[in-house]
Amino acid sequence: MLCIEPLVTKFSEASVDPALKEIIVDTSCGAALLRGAHIYAPGVLAMESNTQLQEAVSVYADLGGKCKRGSVTRFDSPEKIFLGTGKVLMQRYQLFNNSDEPATGVAVEMQSNISRVPSLGDLSSEDALLQNLPSIVCVRVLAPQPGERVLDMCAAPGNKTGHIAELMGDQGSVVALDNSTSRVRSMLPKLDHYKSITAHVFDSTKAVAVGAAHSGPATVPPFHCASFDRILLDAPCSGLGNRPQLSCSIKQAKVLHSYPNIQRRLFGQAVQLLRPGGILVYSTCTVTEAECECIVAWALEKFHDLHLMDATPRLGGPGFPLPDLDASKSRLLQRFGPSEASADTVGFFIAKFQKNK
């Protein structure tokens, strides 16, 4: 495991070269760029005319969503933000060809960006997987052991699944579930060299078999109660811990408030699937109390056969104390984010439970 330290805690005041032509990208692409990605073809909104291969360009993000895709003139807007400089690898006719097959591949290779995060290039191989530090810690907290049966309930994009299999020495059984066919299909290539992993397109809110005969462990979902030694519930969440971000897709409070409901439904399934003495790790990549500490408080109140364990190894800070979650319990949790109590990372939350024997 190789950890790359953040180089700076604030964006640099990079100067813009007005002589360079400009590339405009969408906010999703821009955020990925600031996290070390190059610019892939689908993220390019506009490129000035006569931009040549290998030419140096200034890269901007369109924060207002006003840039017309395929524009040839320089986009003038108070809501565009300079992100860095890059080298052109694809020309206009390749990017905006109006064909049925959209352009793919790296369009602009980043040379520098204002976050100063190094561009790591393509790590989509069996030799390396790129993860944020809290995601690495999360699987270490789960601490899967060789020979165990482990469930990853919301597995895509599969990096944590692969990490689980690595820690187990690829010995045992790792079951990965996700309710999206496309996400499962996209994660299979990075996992197909692990013999211990099986992946299924399945809704984990229905992962417990109802009324099935208990004649040995089920090999496909739904599963019998007490089927797993360890369970990772890296739950769907609002994603407000992801940084840097240039925009937020959540526009209404009701969307934000919808996540705890699905998290509780998934948690209830996980408790039933966990064997006595087994370990359940609940995690999110968000920062709201409702999706983090409040879920822990609810779980301890509802499931009396669960108790909190110290979420070690510990590189994050403690959780927040709540009226129904005292400080002694909150100290067993881990919160990550840009604070003095934590390594300067994305926002992330980890809680570790054990089911009573």
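Reading guide: rules and limits
Residues numbered from 1 in each chain as written. Predicted model: local features only at pLDDT ≥ 70, side-chain atom pairs only at ≥ 80, totals over all residues. Heavy atoms only, no water. Buried < 20%, exposed > 50% of the residue type's maximum accessible area, 1.4 Å probe, protein only. Helix = DSSP H or I, 4+ residues; strand = E, 2+ residues; numbered from the N terminus. Pairing = 2+ DSSP bridges. Domains from an automatic or database assignment. Contact = heavy atoms within 4.5 Å. Buried area = accessible area lost by both parts, 1.4 Å probe. Salt bridge = Lys/Arg side-chain N within 4 Å of Asp/Glu carboxyl O. Polar contact = N/O pair within 3.5 Å; in protein donor to acceptor, adjacent residues only side chain to side chain. Nonpolar A, V, L, I, M, F, W, Y, C, P; charged D, E, K, R; others polar. 1 Å grid on protein atoms, 1.4 Å probe; cavity = no way out; pocket = protein on both sides within 12 Å on 5 of 7 lines; lining within 4 Å. Points joined across faces, edges and corners; volume = space filled by probe spheres on them. Axes fitted to C-alpha atoms, helices over the stretch in contact; angles between N-to-C directions. Parallel < 35°, antiparallel > 145°, perpendicular 65-115°, else oblique. Left-handed = near helix turned anticlockwise from the far one by under 90°. Lys, Arg positive; Asp, Glu negative; His and termini not counted. UniProt positions renumbered as here; feature names shortened; annotations may be inferred.

(A) Inspection of the pairing of strand 12 (residues 306-309) at higher detail. Taking every second residue as pointing to the same face, the buried face of strand 12 carries Leu306 and Leu308, while none of His307 and Met309 on the other face is buried. Where strand 12 lies against strand 14 (residues 348-355), 4 bridges are found, and the strand directions are antiparallel. The residue of strand 14 that forms the bridge with Met309 is Lys352.

(B) Here's a closer look at the domain arrangement of the protein. The domains assigned to the protein are domain 1 (7-113) and domain 2 (133-355). Averaged C-alpha coordinates put domain 1 and domain 2 at centres separated by 35 Å. Taken together, the contact pairs 10 residues of domain 1 with 6 residues of domain 2. Interface area, domain 1 with domain 2, both sides summed: about 620 Å², of which 67% is carbon and sulfur. In this structure, the connection of domain 1 to domain 2 is made through 0 salt bridges. The tally of links between domain 1 and domain 2 comes to 2 residue pairs in polar contact (both at pLDDT 80 or more). Within the side of domain 1 that touches domain 2, the residues separate by chemical class into 6 nonpolar, 3 polar and 1 charged.

(C) Structural context of empty space enclosed by the protein. Enumeration over the complete set of coordinates arrives at 1 cavity of 30 Å³ or more. Approximately 40 Å³ is the volume found for the largest cavity. Taken together, the elements giving at least two residues each to the lining of the largest cavity come down to strand 1 (21-25) and strand 3 (44-47). Residue composition of the lining of the largest cavity, grouped by class: 5 nonpolar, 2 polar and 3 charged.

(D) Fine view of the packing of helix 6 (residues 253-273) against helix 7 (residues 293-302). Contact geometry of helix 6 with helix 7 gives a least axis separation of 11 Å together with a crossing angle of 40°. The orientation of helix 6 with respect to helix 7, classified from their angle, is oblique. The interaxial crossing formed by helix 6 with helix 7 has right-handed handedness. Here helix 6 contributes Pro260, Gln263, Arg264 and Phe267 to the contact with helix 7, which in turn contributes Ile295, Trp298 and Ala299. Grouping the amino acids of the contact of helix 6 with helix 7 by side-chain chemistry returns 5 nonpolar, 1 polar and 1 charged.

(E) Quick peek at the side chain of Arg92. The topology assignment puts Arg92 in helix 2 (residues 92-95). Buried charged residue Arg92 carries no salt bridge. Nearest counter-charge: Glu48, at 9.5 Å. Polar contacts involving the side chain of Arg92 include one to the main-chain carbonyl oxygen of Met47, which spans 2.7 Å.

(F) Fine view of the pattern of salt bridges. The final tally for this structure, using the stated rule, is 14 salt bridges. As a salt-bridge pair, Arg74 and Glu22 come within 3.3 Å of each other at their nearest N and O atoms. On the criterion of sequence distance, the pair formed by Arg74 in the loop between strand 4 (56-62) and strand 5 (80-88) and Glu22 in strand 1 is long-range, its members being 52 residues apart. Overall, the relative accessible area of 7% leaves Glu22 in the buried class.

(G) View of the layout of surface pockets. If you add up the space inside the second largest pocket, you get close to 150 Å³. Ala41, Pro42, Arg69, Gly70, Leu95, Phe96, Asn97, Asn98, Ser99, Glu101, Pro102 and Ala103 together form the lining of the second largest pocket. Across the lining of the second largest pocket, the residue classes tally to 6 nonpolar, 4 polar and 2 charged.

(H) Expanded view of the UniProt feature "active site" (unreviewed entry) in the protein. Under the UniProt annotation, "active site" (unreviewed entry) lies at Cys285. Inspection of the secondary structure puts Cys285 in the loop between strand 11 (274-284) and helix 7. Given a relative accessible area of 23%, Cys285 falls into the partly exposed group. Beyond its immediate stretch of four places on either side in the chain, Cys285 contacts Cys237, Gly239, Leu240, Gly241, Asn242, Gly347 and Phe348.

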